[in-house]
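# Reading the structure
In case you want the letters, here they are:
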Amino acid sequence: MSQPPKPTEVIYLSRPSVFPALLAFGLAAVVVGLFAWWPYSVIGGFMALISLVGWLRANRDDLGRMPRHQHTDTAPIPLSVSPPPE
C-alpha cells in the first residue's frame, strides 16, 4: 500500500480569538440599549469598537506571518468561457 503524496500547498488558519465574541456581545448591547436604557448602547458601542480594533490588529499579525507566494506542483484549471446561446 503506497502513501499519499505530501501536500504542496499550506493552509494557514488564524489563531483562536475572543474578539469576535466580544464584538457580538457589544453589538447586542447596542441593540438592547436602543430599547432599554441608553448607557447600555454607549457601553456596547465602546466594547464593539475596541474588540473590532483588536480583532483587526490580530488578523494583521496573522497575515504578516503568511508567505507571499506558494509553490504548487499542480497545473491551474483553465477557465473556459462558452459563448452565449443563440
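Residues numbered from 1 in each chain as written. Predicted model: local features only at pLDDT ≥ 70, side-chain atom pairs only at ≥ 80, totals over all residues. Heavy atoms only, no water.

### So, the overall build of the chain
Looking only at helices and strands, the chain features two helices and zero strands. Each of the 86 residues in the chain was classed as buried or not, and the buried ones make up 13%. Accessible surface computed for the chain: about 8000 Å², of which carbon and sulfur atoms make up 69%. (Helix = DSSP H or I, 4+ residues; strand = E, 2+ residues; numbered from the N terminus. Buried < 20%, exposed > 50% of the residue type's maximum accessible area, 1.4 Å probe, protein only. Areas by Shrake-Rupley, 256 points an atom, 1.4 Å probe, with all protein chains shown as cover.)

### Points about the side chain of S51
Within the secondary structure layout, S51 lies in helix 2 (residues 38-64). Of the residues examined, S51 reaches a relative accessible area of 2% and is grouped as buried. A polar side-chain atom of S51 sits 3.3 Å from the main-chain amide nitrogen of L23. Ignoring sequence-local partners within four residues, the contact set of S51 consists of F19, L22 and L23. (Polar contact = N/O pair within 3.5 Å; in protein donor to acceptor, adjacent residues only side chain to side chain. Contact = heavy atoms within 4.5 Å.)

### Let's talk about the side chain of S41
Checked against the element boundaries, S41 lands in helix 2. Of the residues examined, S41 reaches a relative accessible area of 17% and is grouped as buried. Only 3.0 Å separates the side chain of S41 from the backbone oxygen of V30, close enough to count as a polar contact. Each residue touching S41, except ones within four places of it in the same chain, is listed here: A29, V30, G33 and L34.

### Focus: a nonpolar patch on the surface
Residues V32, W37, W38, Y40 and V42 make up a contiguous nonpolar surface patch of roughly 600 Å² in combined accessible area. At three residues, helix 2 tops the list of elements feeding residues into the nonpolar patch. Among the secondary structure elements, W37 is positioned in the loop between helix 1 (19-35) and helix 2. (Patch = residues over 30% accessible without salt bridge, like charges linked within 9 Å, V, L, I, M, F, W, Y side chains within 5 Å. Salt bridge = Lys/Arg side-chain N within 4 Å of Asp/Glu carboxyl O.)

### Considering helix 2
Helix length check: helix 2, at 27 residues, gives a terminal C-alpha distance of 39 Å against a target of 39 Å (1.5 Å per residue), a fit within 8%. Where helix 2 is buried, its residues touch helix 1. (Expected span 1.5 Å × (residues − 1).)

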